[in-house]
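This is what each chain is made of:
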Amino acid sequence: MTVERSSPLFHSKPRTGKEIRSAFLQFFSERQHKIIPSASLVPDDPTVLLTIAGMLPFKPVFLGNKERPAARAASSQKCIRTNDIENVGRTARHHTFFEMLGNFSFGDYFKEDAIKWAWELSTEVYGLDPKNLVVSVFRDDDEAYNIWRDAVGVNSQRIIRMDEEDNFWTSGPTGPCGPCSELYFDFQPELGNQEIDLNDDNRFIEFYNLVFMQYNKNSEGELTPLENCNIDTGMGLERMAQILQGVPNNYETDLIYPLLIKAASFSGIDYKKASEKVQTSLKVIADHSRAVIQLISDGVAASNLGRGYVLRRLLRRVIRHGRLIGINQPFLVNLGDAAIQLMYSTYPELDDRREVILNELQREETRFLETLERGEKLLADILKNKPNQITGQQAFELYDTYGFPLELTEEIAEEHNLGVDVKAFEKEMDAQRQRAKSANISLDLTIKDVVEQISNRLDPTIFEGYLKLEEQSVVKALVVNGQSSSKGSSGDKVEIILDKTTFYGEGGGQVGDCGVLFSNNLEHDKSYVHIDSVRRSNGVFVHSGSVQRGTLEVGDDVITRVDNVSRRKAQANHTATHLLQAALKKIVDPNISQAGSLVNFDRLRFDFNLSRALTLGELDQIEDLINSWILEAHILQVKNMTIQEAKKIGALAMFGEKYGEVVRVVDVPGVSMELCGGTHVANTAEIGVFKIVAEIGIAAGIRRIEAIAGPAVLHYLNKRDEVVKQLMTCLKIQPIEIVERVLAMQNEIKTSHKMLRSTLQELAILKASAYANEVKVIGKSQFIVKRFDGVEGGAMQASALSLLEQLGDNSAVIFGGIPDSQNFNKVIFVAAFGKNVISYGLKAGHFIGSIAKHCGGGGGGRANLAQAGGRDGSKLDFSLEMATENLIKAFS
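No experiment lies behind these values; they were computed from the predicted model shown. Throughout this document, residue positions are counted from 1 along each chain, in the order its sequence is written. With pLDDT at 70 or above as the cut-off, local features in this predicted model cover only qualifying residues; side-chain atom pairs require 80 or more to be listed or tallied, and sums for whole chains, interfaces and linings still use all residues. The side-chain values count all of the structure's non-hydrogen atoms but skip hydrogen atoms and water molecules.

**Some details on the nonpolar core**
In terms of nonpolar packing, the biggest core is built from 109 residues, with Tyr126, Trp148, Phe207 and Tyr208 touching the most fellow members. Take this core: its biggest share by element is ten residues, from helix α12 (residues 354-384). In this description, a nonpolar core means a group of buried Ala, Val, Leu, Ile, Met, Phe, Trp, Tyr and Cys residues linked to one another through side-chain atoms lying within 4.5 Å. Burial classes follow relative accessibility: with a 1.4 Å probe on protein chains only, a residue under 20% of its type's maximum area counts as buried, one over 50% as exposed, and anything between as partly exposed. Ranked by size, the runner-up nonpolar core spans 32 residues in total, among them Phe608, Leu619, Ile626 and Val666. To qualify as a helix, a DSSP run of H or I must reach at least 4 residues; to qualify as a strand, a run of E must reach at least 2; elements of each kind are numbered from the N terminus.

And the structure:
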């Protein structure tokens, strides 16, 4: 049952979302709070997937790991939560994206000021009637209770004591914690103060939460008072907007409602008259549209992992709910554009990254639509048989073949009152992982298994290769020709485990070292082993190679000697990789993060999240910046410290990477600071020179840069010089003339193409003139709607205008066609209207734009001439039939 809620009058008080936000920040600014801009949805903390609360950017401050930005602060923080995504659209206030207004005290003011200001803000600034307000406190927090009752004057019957579950905040199993106090809006104060139940969502909505951090909790659960108490508050912007605007839910506030209406327009739905089910889908679409544009703006690209998976899941929910309400053409770009338009005044970066956002939306929608229809058909066939549940195998097929996230299958099943066998689905997933693993097993499977068994019972290898390349060690274990053995002889393939080593074991994207290992054991032949590679297994370094002479036995004393030249190359490339990431963040986008890397002796490779190609100008700037850092001869500083200390000083960590309590920080002062266990140069000057050789896309939203450094650059330039010499010979010119000659050849080709296009256009006009006798006459007006394949846009426009000139001012000409018979994903439409047709109120741009939508496109132009495009050639004939029907109606 929905309770009708009264709409309070606030006169000149804040009402719009923008006014509510501004009023909050201004209120606390006047009370000496530093206004902190919203942090990214991608937090600095690699242990947290997304920014889920307004206080998250200040968490290091509250934990004592970072200096406070000021004694007092306030912010409007954008947040994302998907843990209760199934409630989005079904309740009045659940969202994935929301804004949290917050005021914070770091050891400055405490309960009394926080409580008084919360009341003053709510009643005097926002104009809430005190009779509509209810307060909750922690059951044992008499201090807060007394402040509310005695200092503020709240009726004691409207101060409700709550248990830990609702009103006690903790930062984790241990650490800062404290009681909470919350403000609720009462939509039905006339029901009185007896038996108030704050869990009654129809009557109450919580809008302001005050957290009083006053204790520290130890591992035993004991609470001790903090020396400096803190304040952390949160006011939901969308909730306050619902209250002040007097609407029944957050979705109908000015923060979201325009997107509801926009989504409804795509399928011709009247939101207010729609069924509850349709309204729910519209709410999901509107809510998720805000979330996805903000995620993409903050550098998240759709993928099957981590944040990328959250984005992809949200996007696919939008598309599916669109189909549920009859949106059968692509709409994400238009929806995303509307969301940007609604929010960019508050978040200007949305407008700056508009192209990036819309391109990502289009890519993901196109990708999902390719398989969605087939997946939905399969699911419909499954449901047609009225099963008790969707089996794990069926859910896996939908996931593996059609790209349906498990959560989407569960959601659809729930709509039909069915469950999904998740356990069986997980078994299918495990089986797939095993199949994938088996497919990649190489011939050293037996060796690997034996080595893993051995490494499980040995202590981790001590790595001493940061400071030296040669060291005396002891052989702890041997695998000879795939079998565990105590001895290896000349010609044997061996896997050697030592107690300590100077060889770097492959890890962190860097390849393992190569070199030699030898012994001077007098009890048997001197051994000499060539080490080809080194890998790690359970903390043990495994040296792979072959015995060149003599014998090697378990227990032998040996000397490890790393190949100095190869190590120096790897070091140069690894440090260059750090410089590359720093340059990308500085020049392209500070939200760029690493998605993979490879550092070997000859080159380096760096993968990063970005949904567009880099420009040539950007690549040049990156190269120049890195080479300037190399010339500046920065001395690297490498330190071991706790993970907390590393985060405190701002060291960059890879999300998803597992780090121990003690980490190694590689610092290029003023340039880059990363957690890294790899080997590096001592001074950037040792890199010599840096050169980018390729920049490509390797997956949706993931780019790759391949580069070289040091001596490899000379080899690369020599190869380029060979190409230049060949061009000189072929074209009989000097190097300085190559560009000029190539441009001249290009111009010749362009001229030829222009002449060809002109000829084709003349032929198209002649062909179009033959259609004049197919004109349809209605009263004083006449029109032609014709399919016109094999013609590009310019020629089609010229043909339409030529035919219109033949037919006169009472005429309309509509052409639609597929310019390339090999590509049915490109459709062109042209409309040409005479003066008298325009006087009827018809405009070519609006008319042809609506027709192109049937082919999954759009467009427009002037009133007399317009062009539009589409992406689905199979709907071309239907689109032209609709054009005919619309003209008949207009002229009748």
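**Examining the packing of aromatic side chains**
Pairing of aromatic side chains requires ring centres within 6.5 Å, counting the rings of Phe and Tyr and the six-membered ring of Trp. Pairs whose planes differ by under 30 degrees are stacked, by over 60 edge-to-face, and all others tilted. Applying the stated criterion across every chain, the model contains 26 aromatic pairs. Aromatic side chains Tyr109 and Trp117 sit 4.8 Å apart centroid to centroid with 75° between the ring planes, which places their arrangement in the edge-to-face category. We classify Trp117 as buried; its relative accessible area is 13%. Summarising the aromatic geometry, the rings of Phe463 and Tyr504 are spaced 5.9 Å apart at their centres and angled 75° between planes, so their arrangement reads as edge-to-face. Of this pair, Phe463 sits in strand β12 (residues 462-463) while Tyr504 sits in the loop between β17 (500-501) and β18 (515-518), and the two are 41 residues apart along the sequence.

**A closer look at the packing of helix α1 (residues 17-29) against helix α3 (residues 111-125)**
Where α1 meets α3, the closest approach of the two axes is 11 Å, and the angle between their N-to-C directions is 135°. Between α1 and α3, the crossing angle belongs to the class labelled oblique. Between α1 and α3 lies a crossing of right-handed hand. Seen from α1, the contacting residues are Ala23, Phe24, Phe27 and Phe28; seen from α3, they are Trp117, Glu120, Leu121 and Val125. In this analysis an axis means a line fitted to C-alpha atoms, helices contributing only their contacting stretch, and an angle means the value between N-to-C directions, from 0 to 180 degrees. Any angle that is under 35 degrees is reported as roughly parallel, and any over 145 degrees as roughly antiparallel; angles of 65 to 115 degrees are reported as roughly perpendicular and all others as oblique. Handedness of each helix crossing follows the sense of rotation of the near helix against the far helix: counterclockwise by less than a right angle gives left-handed, clockwise gives right-handed. What makes two residues a contact is simply this: any of their non-hydrogen atoms within 4.5 Å.

**Some remarks on the pattern of salt bridges**
The term salt bridge refers to a pairing of a side-chain nitrogen on Lys or Arg with a carboxyl oxygen on Asp or Glu at a separation within 4 Å. Here the structure, examined in full by the defined rule, presents 42 salt bridges. With a shortest N-O distance of 2.4 Å, Arg354 and Asp337 are connected by a salt bridge. Of the two residues, Arg354 is situated in helix α12 and Asp337 in helix α10 (residues 332-343); the sequence distance between them amounts to 17 residues. Between Glu495 and Arg535 there is a salt bridge, and its shortest N-O distance comes to 3.0 Å. Of the two residues, Glu495 sits in strand β16 (residues 493-498) while Arg535 sits in strand β19 (residues 528-537), which places them 40 residues apart along the sequence. Taking relative accessible area as the criterion, Glu495 reaches 10% and is therefore assigned buried.

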